[in-house]
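Structural features, examined
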Amino acid sequence: MSRSAHPAGPRHADVLPEGHPSAPPADLNHLDRKVWASTVTRTPDGVVSVGGIEVTRLAEEFGTPAYLIDEVDFRERARAWRTAFGADADVFYAGKAFLSRAVVRWLHEEGLNLDVCSGGELATALSAGMPADRIAFHGNNKSVDEIETAIRAGVGRIVLDSFQEIVRVAHVAQSLGKRQRVQIRITVGVEAHTHEFIATAHEDQKFGIPLAGGQAAEAVRRALQLDGLELIGIHSHIGSQIFDMSGFEVAAHRVVGLLKDIRDEHGVELPEIDLGGGLGIAYTSDDDPREPHEIAKALNEIVSRECEGAKLRTPRISVEPGRAIVGPTAFTLYEVGTIKPLEGLRTYVSVDGGMSDNIRTALYDAEYSVALVSRTSEAAPMLVRVVGKHCESGDIVVKDAFLPADLAPGDLIAVPATGAYCRSMASNYNHALRPPVVAVREGEARVIVRRETEEDLLRLDVG
Ligand code: LLP
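Calculation criteria
- Residues numbered from 1 in each chain as written.
- Predicted model: local features only at pLDDT ≥ 70, side-chain atom pairs only at ≥ 80, totals over all residues.
- Heavy atoms only, no water.
- Pairing = 2+ DSSP bridges.
- Helix = DSSP H or I, 4+ residues; strand = E, 2+ residues; numbered from the N terminus.
- Domains from an automatic or database assignment.
- Contact = heavy atoms within 4.5 Å.
- Buried area = accessible area lost by both parts, 1.4 Å probe.
- Salt bridge = Lys/Arg side-chain N within 4 Å of Asp/Glu carboxyl O.
- Polar contact = N/O pair within 3.5 Å; in protein donor to acceptor, adjacent residues only side chain to side chain.
- Expected span 1.5 Å × (residues − 1).
- Buried < 20%, exposed > 50% of the residue type's maximum accessible area, 1.4 Å probe, protein only.
- Core = buried A, V, L, I, M, F, W, Y, C linked by side-chain atoms within 4.5 Å.

A look at the pairing of strand 14 (residues 330-342)
As paired elements, strand 4 (residues 66-70) and strand 14 share four bridges and run antiparallel to each other. Opposite A66, over in strand 14, you have L333 as the bridge partner. With five bridges connecting them, strand 14 and strand 19 (residues 412-416) associate as antiparallel partners. Looking across to strand 19, one finds that L333 is bridged to A414. Relative to strand 15 (residues 346-351), strand 14 runs antiparallel, the two being bridged by six bridges. Across the sheet, the residue bridging to T338 is S350, located in strand 15. What sits between the antiparallel neighbours strand 14 and strand 15 is a turn of three residues, in which G344 has the positive phi angle 80 degrees.

Given below as structure tokens:
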């Protein structure tokens, strides 16, 4: 299918349906630096390139849909977090955002640690050579097998999430003749200002042990008694896609309060606290995320101040950013298949992917932006909804956006900021084949996760 403009493309529907909040941007060809990976640019002939390679070439070579990840940007962001927190703190990249062996190697080389939350993520990390002592193992229901594998491998810490797990991990460690370094994850009772499904520190949810009612203190009491455990700290993760630092402030205050109570009751000063991840990124031009150095400064100040007040030695801080590192470094490249103008409403643009490669819009009402990337256009803006090819009307990739009215089948469009929680949450719905992840750097592109094939699908179907 041709990638050039279709002369008979719809010129239509630059109409805002009632209640639609935003106006079209002044220049549809402009790429807002906030939402695109750092090496993304428009070449003089109008095609967008990443890592020095034009998307038209990438589409030809790797097909669409495809996730294109900017390795230089990834490394720069990882390094920025590492530098911002310095030698007295640890940055654990949250692998759930996106994990592959190449990513593990980049993290290792840039001096970051890794947070994994399943046997699969642990296997990926170990197989790519991440030293086990730089891995933290998370999860609210780790299996005994996973616990055993993690302890045998020598993971640096296991984050305990329930009373059962305290006993389970202690038991497995002891049976292996080991003493496992652990943290206890607590819920501090903060209402993070984010989507309900990704807020994690209010009490009515499945993660962690509530500080309220003395439960966290009781968990500490039990952990300190068990020979198989070395309790090194307290963990708190308040949620995801958060811009406002006040939630972290309250969390740090309460975690330090618990450290003080532990010191008073047991005479022990725990050496570490982990404040989790959750820092927001720009999905659209309306979002204004903070830089890692601002976040580091704010968190260090809060913790030092709280510790001074409590007359505690300042513990070693760790953080677990996932989205903030990988999210902005990738975009999804799609080919436009059909264009359906609905008079007075909007124009539906169907692409060759959908909710199987990005479930976030359907699941969280997430907002994304989109751009025509295979050429420029001077046509008027039209209001579009970018939808996928799945058998479901909620199969929406970008709910409301503007694309040029001469958009045509065969054009390439791209959705930025899809590095986090897109490939990692991708599904085979309708037996879709999950797209590849292609890493681009200084004029070279290489597949780091290959496209799924029908053979892959059929291999699992053994009936
Ligand atoms: N640490 C812990 C213990 C976590 O549970 C998470 C995310 C992170 C760190 C990393 O959070 P980040 O910095 O990436 O926000 N699927 C949802 C997000 C779920 C996050 C789960 N936990 C989404 O697509 O928005």
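Here the narrative resumes.
Describing the domain arrangement of the chain
Annotation of the chain at the domain level lists domain 1 (41-70 + 328-460) and domain 2 (138-321). One C-alpha centre belongs to domain 1, the other to domain 2; they are set 36 Å apart. Domain 1 puts eight residues into the contact, and the matching count from domain 2 is seven residues. Its largest share of buried area at the contact with domain 2, domain 1 owes to Y364, E367 and A417, together 49% of the area lost on that side. Linking domain 1 to domain 2 there are zero salt bridges. Scanning the region where domain 1 abuts domain 2 turns up one residue pair in polar contact (both at pLDDT 80 or more).

Focus: helix 2 (residues 71-85)
Compared with the 21 Å implied by 1.5 Å per residue over 15 residues, the 21 Å span of helix 2 between its first and last C-alpha is a close match. By the burial criterion, the buried members of helix 2 are E71, D73, F74, R75, A78, W81 and F85. Positive backbone phi, approximately 75 degrees, marks G86, located one or two places after helix 2.

Some details on the nonpolar core
Within the largest apolar cluster, 112 residues are counted, with the highest numbers of intra-cluster contacts made by F74, Y93, I184, I234 and I413. Counting contributing residues per domain, this core is built from domain 1 (41-70 + 328-460) and domain 2 (138-321), each supplying no fewer than three. Look past the residues within four positions of I234 in its chain and what remains in contact with it is Q183, I184, I186, V220, V255, L258, L259, I262, L270, E272, I273 and D274. Judged by nonpolar contacts, the second largest core, of 23 residues, contains V35, V55, V438 and V440.

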